[in-house]
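# Report on the structure
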Amino acid sequence: MTSATPQASVETLARDRTVEGDGLRHDWNVEEILALFQFPFNDLLFEAHRLHRRHFDPNCVQISTLLSVKTGGCPEDCKYCSQSSRYDTGLGAEKLLSVEEVISEAKKAREAGATRFCMGAAWRNPKDRDLPHILDMIREVKALGLETCATLGMLSKEQADALKEGGLDYYNHNVDTSEKFYGEIITTRTYRDRIDTLSHVRAAGMKVCAGGIIGMGEERADRAGMLQTLANLPEHPESVPINLLIRIPGTPLEVGEELDPIEFVRTVAVARVLMPKSVVRLSAGREHMTDEMQALCFFAGANSIFYGEKLLTAGNPEASEDRALFERLGLKGEARPSVPRNHSHG
Ligand code: SF4
């Protein structure tokens, strides 16, 4: 790294070293990832964008919609979450929505241009008695020609198999942060539990959506550690949501130091370099980002957003603002498949 130009150095780090069958690296160490974070912003963005352009249409953004099908009353203690029953956030526990309610929302999402519909439930894990109801939702949403995604908490191997059999395309389960920082944020389930759920999802043959949240008071090394966990999975997640913490009143993370927006863009760029073929999604926290920050994220390799008025229970920019931003940037939404394809909390 010392004799090369900074640009060549980013490239050198980004270049496949130990290449697995999928042509991608799965052996990143934290020091290498931190080195990427430390490159001059322009060098890092240039390399991220080069890789982005190699694997994707740089002007195309996939649009997902997320609906909370079971809100509040969650027994887990995730310190950022409005839905944990441990914090007084003013959000009560609601019942699981009916299939009809879900279909009506899915139709609206489709009209607004979404190609994927994610259903989220505030559970530690789904109960077996709720699964048939969830499977009905999946079947009906798929019949509308939308890809389906669910985020329902931890899954056993059997539950992952049942969801796959029911036609679920993606399962979202975030690692949230680095293994080291994890205990500061959640104590009711372990990092290992999360990785186990991700392996059940993968083994069942579903696509994996896994990312995390930044701005929770973690250090840069934790952001690097989180991306390392994701990039070193046996297969990269197809979808990597990068969330910016939304400070929810009543949660332990209600107050804290704000993350530098440039650091957020760097995180997106490093995710793109590490997982060049994954879709990187700007998820929660987008309503606190300026248009300019979002534009930088798209250049750095973000190519998916959540669209619509609500992101689980937190606000999301109005769909019309998104349309206006897309127009200003010359971006287009990914085309929806015309027929159903047979193939997180986030
Ligand atoms: S993030 Fe999910 S698991 Fe954690 S408290 Fe919120 S709803 Fe429950």
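Structure shown above.
Everything numeric here is computed off the predicted structure, so don't read it as measured data. (Residues numbered from 1 in each chain as written. Predicted model: local features only at pLDDT ≥ 70, side-chain atom pairs only at ≥ 80, totals over all residues.)

### Some remarks on the nonpolar core
The nonpolar side chains of a soluble globular protein tend to be buried with one another. Ala150 and Val268 are the most contacted members of the largest nonpolar core, which has 90 residues in total. In terms of residue count, helix α10 (residues 261-274) provides more of this core than any other element does, eight residues in total. Excluding its chain neighbours within four sequence positions, the residues that come into contact with Ala150 are Cys118, Met119, Ile134, Ile138, Leu163, Leu168 and Tyr171. (Core = buried A, V, L, I, M, F, W, Y, C linked by C-beta atoms within 7 Å. Buried ≥ 20, exposed ≤ 12 C-beta atoms within 10 Å, placed from the backbone. Helix = DSSP H or I, 4+ residues; strand = E, 2+ residues; numbered from the N terminus. Contact = placed C-beta atoms within 7 Å.)

### Focus on the pairing of strand β8 (residues 279-282)
A two-sided burial pattern is seen for β8, the buried positions comprising Val279 and Arg281 on one face and Val280 and Leu282 on the other. Across four bridges, strand β7 (residues 239-244) lies against β8 in parallel orientation. If you follow Ser239 over to β8, its bridge partner there is Val279. Handedness of the β7-α10-β8 crossover: right-handed. For β8 and strand β9 (residues 302-306), the ladder comprises three bridges, and the chain directions are parallel. (Pairing = 2+ DSSP bridges. Right-handed = clockwise from strand over helix to strand, strands pointing away.)

### As for helix α5 (residues 131-143)
With 13 residues, α5 should cover 18 Å at 1.5 Å per step; its first-to-last C-alpha distance of 18 Å lies within 8% of that length. Within α5 the residues assigned to the buried category are Ile134, Met137, Ile138, Val141 and Lys142. Buried residues of α5, seen end-on, are gathered within an arc of 125° and therefore sit on one face of the element. Among the exposed residues of α5, those pointing more than 90 degrees away from its buried face are Pro132 and Ala143. (Expected span 1.5 Å × (residues − 1). Arc of directions from axis to C-beta.)

### So, the site of the ligand
Surveying the vicinity of the ligand reveals nine residues, the closest of which are Cys74, Glu76, Cys78, Cys81 and Ala122. Along the lines of polarity and charge, the residues of the shell around the ligand split into four nonpolar, four polar and one charged. (Near = placed C-beta within 6 Å. Nonpolar A, V, L, I, M, F, W, Y, C, P; charged D, E, K, R; others polar.)

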